[in-house]
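# Summary of the model geometry
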Amino acid sequence: MGRPSSAAIVLLSMLLVTISCVPPPRVTGNEETAGRYHMESAVDALFAPPSPEAIPGDLRGEQIRLGYEMVVNTQEYGKRYVGNALNCSNCHLDGGLNPNAASFVGVSVLYPQYRERAGRQVTLTDRINECFERSMNGKSLPSDSVKLTAIVAYIEWLSQNMPPGSAVPWRGIPRLNSTHHPDPLNGKKVYEKKCVFCHGSDGQGTRGGPPVWGPRSYNIGADMARTIVAASFIKANMPRGWGWTVTDDEAIDAASYINAQSRPDFPDKIHDWPKGNKPSDAPY
Ligand code: HEC
Ligand code: HEC
């Protein structure tokens, strides 16, 4: 098959954006947290976030809108802090409003929270900065930064309808539960058949999709560098617009193939999981 023309890619991407606005059919919890929150809470919230179009026009609304722009257009608004070609919304799909892709809806009520990777209590701003340093291969924003505060304001605004003490059952990426042993060689075949069109045969991305490995991708310290996390994301969301169409084995193999390629290092990784309990799919 020859390379598709860029006009075709633009048309296809527009179509996909339209398709992907339809709420995905399945919502489940994050294996690491959902069960615990279910047990602790009396009420389950509904996934009923406000639309970014409803951001108020007042001063507070201006801050929320800046937070939204930081998330969907990080390349422009967060330029100084980003070291790759990604936007937050490349993984936190639909501006953090997609319940199958580490949604931001409701999560502000869960912080501060103890995190095993950090080995301490982290605030929401700490957690955002973790993604800046790792997923965005960049650097953390100062705690008094207007841009950082704006992202928090956006996430809090998206969490405004959460009843006190409620669970966030759609939290995180719904984890695949599989005993399949990752096979990167088969993953290469899956990638070439189902992913190359948008992410490129060299993984460096095309106009239809961001890079998935190499110097402009997430670094080795990112959650997405874990095979089960990436596989779960792929299963639920990839190919973009056709979530839940690859088999569990295909998702796991493709994830292991992508994560076996080179990507930026994260020297601070030596401080991770200081008290143990490192997940089995951590790459270091
Ligand atoms: C039709 C185009 C298309 C196809 C095919 C596709 N993707 Fe994607 N992928 C995207 C787009 C677009 C995004 C970013 C989503 C957004 O910004 O809304 C993305 C995001 C991702 C991400 C997270 C962001 C990043 O770049 O690290 C991963 C990982 C990923 N895709 C893997 C895959 C895998 C594996 C396959 C094959 C099973 C696949 N994709 C197939 C378009 C596609
Ligand atoms: C390469 C993909 C990727 C990119 C880009 C990315 N993140 Fe993340 N982020 C993740 C993953 C994966 C998780 C953990 C999800 C899970 O464990 O199920 C996460 C978790 C989070 C959480 C915690 C959510 C919770 O449930 O507690 C926040 C907040 C967050 N990211 C903010 C951001 C912000 C802000 C940006 C942009 C500056 C960003 N992320 C960019 C992949 C990404």
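To be clear, the structure that these remarks concern was listed above.
Owing to the predicted nature of the structure, the values given are computational and were not obtained by experimental measurement.

### Focus on the overall build of the protein chain
- Broken down by element type, the protein chain carries 11 helices and 2 strands.
- In the protein chain, which comprises 284 residues, the proportion classed as buried is 47%.
- For the protein chain, long-range pairs separated by at least 24 residues make up 70% of all intrachain contacts whose partners lie at least 6 apart in sequence.
- Accessible area for the protein chain stands at about 14100 Å²; split by element, carbon and sulfur atoms hold 56% of it.

### Focus: the site of ligand 2
- Around ligand 2, a shell composed of 25 residues is seen, among which Cys88, Cys91, His92, Tyr111 and Cys131 lie nearest.
- A distance of 2.6 Å is found between an oxygen atom of ligand 2 and a side-chain nitrogen or oxygen belonging to Arg171.
- Top contributing element to the shell around ligand 2 by residue count: helix H6 (residues 124-133), with 5 residues.
- Considered class by class, the residues forming the shell around ligand 2 number 16 nonpolar, 5 polar and 4 charged.
- Taken domain by domain, the makeup of the shell around ligand 2 includes at least three residues from each of domain 1 (23-158) and domain 2 (184-271).

### Structural notes on the packing of helix H10 (residues 227-237) against helix H11 (residues 248-260)
- Contact geometry of H10 with H11 gives a least axis separation of 8 Å together with a crossing angle of 125 degrees. Considering their axes alone, H10 and H11 lie oblique with respect to each other. Here the hand of the crossing between H10 and H11 comes out right-handed. Contacts from Thr227, Ala230, Ala231, Ile234 and Lys235 in H10 reach Asp248, Ala251, Ile252, Ala255, Ser256, Ile258 and Asn259 in H11.
- Within the contact of H10 with H11, the residues separate by chemical class into 7 nonpolar, 3 polar and 2 charged.

### Some points on the coordination of the iron atom of ligand 1
- Only His199 (NE2) and Met238 (SD) from the protein coordinate the iron atom of ligand 1, and they sit 2.0 to 2.3 Å from it.
- Coordination at the iron atom of ligand 1 comes from 6 donor atoms whose angles at the metal span 87 to 179 degrees, giving a geometry best classed as octahedral. Taken together, the positions of His199 in helix H9 (residues 196-199) and Met238 in the loop between H10 and H11 put the pair 39 residues apart, joining distant regions of the chain.
- Taking the relative accessible area as the measure of exposure, His199 reaches 13% and is therefore buried.

### Some words on the coordination of the iron atom of ligand 2
- Around the iron atom of ligand 2, the protein contributes the donor atoms His92 (NE2) and Cys131 (SG), at 2.0 to 2.3 Å from the metal centre.
- Taken together, the 6 donor atoms coordinating the iron atom of ligand 2 and their angles of 87 to 178 degrees define a geometry best described as octahedral. Taken together, the residues span a long stretch of sequence, with His92 in the loop between helix H4 (74-77) and helix H5 (93-96) and Cys131 in helix H6 at a distance of 39 residues.
- In this structure His92 comes out as buried when scored by relative accessible area, which is 16%.

### Re the site of ligand 1
- Around ligand 1, the surrounding shell holds 21 residues, and the nearest of these are Cys195, Cys198, His199, Pro211 and Met238.
- The side chain of His199 places a nitrogen or oxygen atom 2.8 Å from a nitrogen atom of ligand 1.
- When residues of the shell around ligand 1 are traced back to their parent elements, those giving at least two are H9 and H10.
- Of the residues assigned to the shell around ligand 1, the class counts are 15 nonpolar, 4 polar and 2 charged.
- Taken domain by domain, the shell around ligand 1 gets at least three of its residues from each of domain 1 (23-158) and domain 2 (184-271).

### Overview of unusual backbone geometry
- Between Tyr111 and the following residue, Pro112, the backbone shows a cis peptide bond with an omega angle of -5 degrees.
- Topologically, Pro112 is positioned in the loop between H5 and strand S1 (113-115).
- The step from Met238 to Pro239 runs through a cis peptide bond, and the omega angle for that step is -10 degrees.
- One non-glycine residue with positive phi stands out, namely Asp94, at about 55 degrees.
- With respect to the secondary-structure elements, Asp94 resides in helix H5.
- One non-glycine residue, Asn137, lies in the positive phi region at around 45 degrees.
- For Asn137, the position within the fold is in the loop between H6 and helix H7 (146-158).

Reading the values: rules and limits
- Residues numbered from 1 in each chain as written.
- Chains lettered and ligands numbered in written order.
- Predicted model: local features only at pLDDT ≥ 70, side-chain atom pairs only at ≥ 80, totals over all residues.
- Heavy atoms only, no water.
- Helix = DSSP H or I, 4+ residues; strand = E, 2+ residues; numbered from the N terminus.
- Buried < 20%, exposed > 50% of the residue type's maximum accessible area, 1.4 Å probe, protein only.
- Contact = heavy atoms within 4.5 Å.
- Areas by Shrake-Rupley, 256 points an atom, 1.4 Å probe, with all protein chains shown as cover.
- Near = heavy atom within 4 Å.
- Polar contact = N/O pair within 3.5 Å; in protein donor to acceptor, adjacent residues only side chain to side chain.
- Nonpolar A, V, L, I, M, F, W, Y, C, P; charged D, E, K, R; others polar.
- Domains from an automatic or database assignment.
- Axes fitted to C-alpha atoms, helices over the stretch in contact; angles between N-to-C directions.
- Parallel < 35°, antiparallel > 145°, perpendicular 65-115°, else oblique.
- Left-handed = near helix turned anticlockwise from the far one by under 90°.
- Donors = N, O, S within 2.8 Å, 3.2 Å for Na, K, Ca; no water.
- Tetrahedral: all angles 85-135°; square planar, octahedral: opposite > 155°, others 65-115°.

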